[in-house]
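Each chain, letter by letter, is given below.
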Amino acid sequence: MVDPVARNARDSAGAADSPRRGCVFCEILAGRAPGFIVHQNDLAVALLDINPLARGHCLVIPRRHVPWWHELTEAETTAAFQLARTTATRIMAVFQPEFVAMYVRGRRIPHTHIFLVPTSQGEPFDRHCNALEGFQEGVAALARLQDRDQLAQVQQRLGRA
Ligand SMILES: [Zn+2]
């Protein structure tokens, strides 16, 4: 039986022009490495993250090797984000998290991947995001502590103590 993913990768416009040897996503799309494909369209593929942050955590990748999402063509962008939405809807139906968080990277594996993380309160990823948001707010709070008048007041109070 012909692997439908590999066949589609070869048949899709743009897919065969730049597969990268050594890129795990290109290897999966070419059928040379295993992948847990869950859904696909002409220009993008949804598959499971093999290091999931939560049950049902998926990645959506373009068929073409493109490091950053803002370098995708308009058609690829539409296809990838439509597939992300459809996949998120399925994640919601099957695993019933509160919502599906999305972020996009291409850093460690330089092939755009949209993270779809089923998220519920108190789970590790939710705590991570809350900590990051707390950090963002904390920077402003720490900057206020650097104010010279504030430092002088602290100096006086501690000097009197
Ligand atoms: Zn690639």
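These numbers were taken from a predicted model, which means no experiment stands behind them.

Draft legend 1. Geometry of the sheet that holds strand 1 (residues 37-40). Sheet architecture is open: five strands sit in the order 1-2-3-5-4, paired in antiparallel fashion. Each having just a single partner strand, strand 1 and strand 4 (99-105) make up the two edges of the open sheet. Strand-to-strand twist in this sheet, taken as the mean axis angle between neighbours without regard to direction, amounts to 20°.

Draft legend 2. Just the pairing of strand 5 (residues 113-119), in detail. Of all seven residues making up strand 5, six are buried, and the element is well covered by its neighbours. Both strand 3 (residues 58-62) and strand 5 contribute to a ladder of three bridges, which runs antiparallel. Its bridge partner being in strand 5, Cys58 is matched across the sheet by Leu116. In terms of strand pairing, strand 4 meets strand 5 through seven bridges, oriented antiparallel. Bridged to Phe99 within strand 5 is Thr119.

What counts, and at which threshold
Residues numbered from 1 in each chain as written. Predicted model: local features only at pLDDT ≥ 70, side-chain atom pairs only at ≥ 80, totals over all residues. Pairing = 2+ DSSP bridges. Helix = DSSP H or I, 4+ residues; strand = E, 2+ residues; numbered from the N terminus. Axes fitted to C-alpha atoms, helices over the stretch in contact; angles between N-to-C directions. Buried ≥ 20, exposed ≤ 12 C-beta atoms within 10 Å, placed from the backbone.

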